[in-house]
Amino acid sequence: MLDINVLRRNLDGVVAGLATRGVQFDIERFNSLESQRKAIQVETENLQARRNALSKLIGQMRSKGEDATQEMEESKTIPQKLHELEHQLSAIQTEIHDWLNGLPNLPHDSVPRGESEEQNVEVRRWVPGNTAADAIPVPFEFEVKDHVAVGEGIGLDFEAARKLSGARFMVLRGQIAKLHRALAQYMLDVQTEEHGYTECYTPYIVNSATLFGTGQLPKFKEDMFWVTKGGHNSNDEHEGPAEDLYLISTSEITLTGTVRDEILPVDQLPVRLTAHTPCFRSEAGSGGRDTRGIIRQHQFDKVEMVQIVHPEQSYEALEQMVGHAETILQRLGLPYRVVSLCTGDMGFSAAKTYDLEVWLPAQNTWREISSISNCEAFQARRLQARFRQEKRPEYVHTLNGSGLAVGRALVAVLENYQQADGSVVVPEVLRPYLGGKERLVPSV
């Protein structure tokens, strides 16, 4: 949520920043609401001053034996007028608050300006054995298969998933299920044992307040899976009023949400949290993209990284988190590149975002496997997440990123480590999680 005080101090700067994100801010509406707010506050202050003055005057008149009937009658009308003004002010503040809830974060000055992903800027790339800035992995010496063709030989089953749940789901059996689990376990181990994150287990179902805090609601409600209790929305007399519940689309929601309504001592910062969870997305806006395979699923797994930090350290933390994700990709031996997203391609809550894109030889292109963002105080303001350094609490800065998306890492391993005979070489760092197995062989 944007800081209303920044709008009041630097309206032109906010308008310009939002314009780079494709949002046209209604200056006339804002100025009108602000003028009404100020007028009500001035009238309220005047009435409060008049009430105090009347109270003092009535006391003086009574002490002198003078008739204070007129002053007392005037004094009786003030509370109702103040109540009406309070109601008017509340309505205006609610309108401003609801309006600001729908506005995205302002981009950091270092973010490339642009309207779409074509204006994203590549920062660097990493290809095993090739240090060139524009390196591309060496082509295979045999005809490359995509991850679906490779995976089906070792246990990827879409027919069973369709029978169980419909399109955009998968069933993994045997070797590929173990490989999927190994990837998640390896990611968690590196993030917790080497990078200082605390592993968490959090709910997969959350309330609307939690989603509002991290920016998923109200803007992205249609992208969420909703949950009902007992198969319907009727109230249970023993549970109280029903509330909206949702399946998480990322554990960023729950990990960041743990500091909602908290004031942290400054010496507890930074807070580093990680979790391996399933994630659920309706893909309402995907437009039929990536319908083949497991690139874009309704249910997928992710190892998430979240940091809650002092505002002066958030951009250092952003670069650090990118490095944490890169470590996983490098040790898996997967070619990737780091891209700085332009203003028009960033997520709603982000002030700056890096995407990590892994090389998929069957598509002959780079595909996103991690997105790492600094949200600055945008989420913290919605969450009321603060820290106390001296006297007055200040908002923390929140950061989040994939470390990594497990399903997309599985896709990358299948495609980059495939062999001509249909087998898949297991990356060396994963072999201890697979009982030392070096290769996954298709079933006959």
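Our subject is the structure that appears above.
Report follows, based on the coordinates. Each residue is numbered by its place in its chain's sequence as written, counting from 1. Since the coordinates come from a predicted model, pLDDT governs what is reported: local features require at least 70, and pairs of side-chain atoms require 80 or more to be given and counted, while whole-chain, interface and lining totals use all residues. No hydrogens and no water enter the side-chain calculation; it runs on all heavy atoms of the structure.

Some details on the sheet that holds strand 6 (residues 225-227)
Step number 1: At least two bridges found by DSSP between two strands are what make those strands a pair. In this text, helices come from DSSP runs of H or I with a minimum length of four residues, and strands from runs of E with a minimum of two, each type numbered from the N-terminal end. One open sheet accounts for three strands, arranged 5-7-6; its pairing is antiparallel. Bordering the open sheet on either side are strand 5 (205-207) and strand 6, each of which pairs with just one other strand. Within the sheet, the average angular offset between the axes of one strand and its neighbour, ignoring direction, is 40 degrees.
Step number 2: Pairing geometry for strand 5 and strand 7 (residues 245-247), over three bridges, is antiparallel. Considered in strand 7, the bridge of Ile205 is made with Leu247. Inter-axis angles, ranging from 0 to 180 degrees, are taken between N-to-C directions of lines fitted to C-alpha atoms, where helices are fitted over the stretch in contact.

A closer look at the sheet that holds strand 8 (residues 263-265)
Step number 1: Read across the open sheet, the three strands follow the order 8-14-15; overall the sheet is mixed. Edge strands, defined here as strands with exactly one partner in the open sheet, are strand 8 and strand 15 (394-395).
Step number 2: For strand 8 and strand 14 (residues 386-388), the ladder comprises three bridges, and the chain directions are parallel. From the neighbouring strand, Leu264 faces strand 14, where its bridge partner is Phe387.

Quick look at helix 2 (residues 11-19)
Step number 1: Each residue gets one of three labels from its accessible area relative to the maximum for its type: buried under 20%, exposed over 50%, partly exposed in between, using a 1.4 Å probe on protein chains only. Those residues of helix 2 that sit buried are Leu11, Val14, Val15, Gly17 and Leu18. The buried side chains of helix 2 occupy one side of the element, clustering within an arc of 165 degrees when seen end-on.
Step number 2: Contacts: residue pairs with any heavy atoms within 4.5 Å of one another. Those residues of helix 2 that are buried lie in contact with helix 1 (4-9) and helix 3 (27-63). As used here, the arc is the angular range of directions from the helix axis to the C-beta atoms.

Some words on the pattern of salt bridges
Step number 1: Whenever a carboxyl oxygen of Asp or Glu lies within 4 Å of a side-chain nitrogen of Lys or Arg, that contact is scored as a salt bridge. Tallied over the full model, the rule gives 16 salt bridges.
Step number 2: We note a salt bridge from Lys76 to Glu73, for which the minimum N-O separation is 3.7 Å. Taken together, the positions of Lys76 and Glu73, both in helix 4 (residues 69-101) and three residues apart, correspond to about one turn of that helix.
Step number 3: Residue classification places Glu73 among the partly exposed residues on the basis of a relative accessible area of 44%.
Step number 4: Put simply, Glu122, Arg125, Arg337 and Glu357 are held in one network by salt bridges that share partners.

Some details on the packing of helix 3 against helix 4
Step number 1: Following both chains from N to C, one finds helix 3 and helix 4 inclined at 160 degrees, their axes separated by 9 Å at the closest point. What the angle tells us is that helix 3 and helix 4 run roughly antiparallel. Crossing of helix 3 against helix 4: the hand is left-handed.
Step number 2: Each residue gets one label: Ala, Val, Leu, Ile, Met, Phe, Trp, Tyr, Cys and Pro are nonpolar, Asp, Glu, Lys and Arg are charged, and the others, such as Gly, are polar. Of the residues in the contact of helix 3 with helix 4, the class split is 16 nonpolar, six polar and 11 charged. Angle categories: roughly parallel below 35 degrees, roughly antiparallel above 145, roughly perpendicular from 65 to 115, and oblique for all the rest. The handedness criterion is simple: a crossing whose near helix is rotated anticlockwise from the far helix by less than a right angle is left-handed, and one whose near helix is rotated clockwise is right-handed.

Considering the packing of aromatic side chains
Step number 1: Only Phe, Tyr and Trp rings take part, Trp by its six-membered ring, and two of them pair if their centres are within 6.5 Å. Stacked means planes under 30 degrees apart, edge-to-face means over 60, and tilted covers everything else. Summed over the entire model, instances satisfying the criterion amount to 11 aromatic pairs.
Step number 2: Pairwise contacts between aromatic rings join Phe25, Phe30 and Trp99 into one cluster.
Step number 3: The ring of Trp226 has Lys221 lying over it, and the distance from NZ or CZ to the ring centre is 4.8 Å.
Step number 4: Over the face of the ring belonging to Phe212 we find Arg382, whose NZ or CZ atom lies 4.1 Å from the ring centre. The criterion for a charge sitting over a ring is simple: Lys NZ or Arg CZ within 6 Å of the ring centre, and within 35 degrees of the ring normal.

Comments concerning helix 4
Step number 1: Compared with an ideal rise of 1.5 Å per residue, which puts 33 residues at 48 Å, helix 4 spans 49 Å between its outermost C-alpha atoms and is within 8% of the ideal.
Step number 2: Those residues of helix 4 that fall on the buried side of the exposure criterion are Glu71, Ile78, Leu82, Leu85, Leu89, Ile92, Ile96, Trp99, Leu100 and Asn101.
Step number 3: Its buried side turned inward, helix 4 meets helix 1, helix 3, helix 8 (208-214) and helix 11 (378-383). Here, expected helix span is obtained from the residue count minus one, scaled by 1.5 Å.

Some remarks on the state of the cysteines
Step number 1: Cysteine sulfur atoms that come within 2.5 Å of each other are treated as a disulfide pair. For the coordinates displayed, the defined rule picks out zero disulfides.
Step number 2: Unpaired in this structure, Cys279 has its nearest cysteine sulfur neighbour in Cys200, at a distance of 14 Å.
Step number 3: Classification of Cys279 as buried rests on a relative accessible area of 0%.

Side note on unusual backbone geometry
Step number 1: Look at the link from Leu217 to Pro218: it is a cis peptide, with omega at 5 degrees.
Step number 2: Of note, Asp261 is a non-glycine position whose phi angle comes to about 60 degrees, a positive value.
Step number 3: Tracing the chain through its elements places Asp261 in the loop between helix 9 (252-257) and strand 8.
Step number 4: Positive phi, normally seen in glycine, also occurs at Gln384, with a value near 55 degrees.
Step number 5: Looking at the element boundaries, Gln384 is found in the loop between helix 11 and strand 14.
Step number 6: Gln384 sits in the partly exposed class, given a relative accessible area of 29%.

Thoughts on the environment of Gln389
Step number 1: Counting through the fold element by element, Gln389 comes out in the loop between strand 14 and strand 15.
Step number 2: Excluding anything up to four places from it in sequence, Gln389 contacts Val266, His310 and Glu394.
Step number 3: At 3.1 Å, the side chain of Gln389 forms a polar contact with the side chain of His310. As used in this structure description, the phrase polar contact means that two N or O atoms lie within 3.5 Å; if the pair is within protein, one of them must be able to donate a hydrogen and the other to accept it, and residues adjacent in sequence are counted only when both atoms belong to side chains.

Structural notes on the side chain of Ser249
Step number 1: If you trace the backbone, Ser249 turns up in the loop between strand 7 and helix 9.
Step number 2: You can call Ser249 buried: its relative accessible area is 7%.

As far as function goes, none of this settles anything; it's purely spatial.
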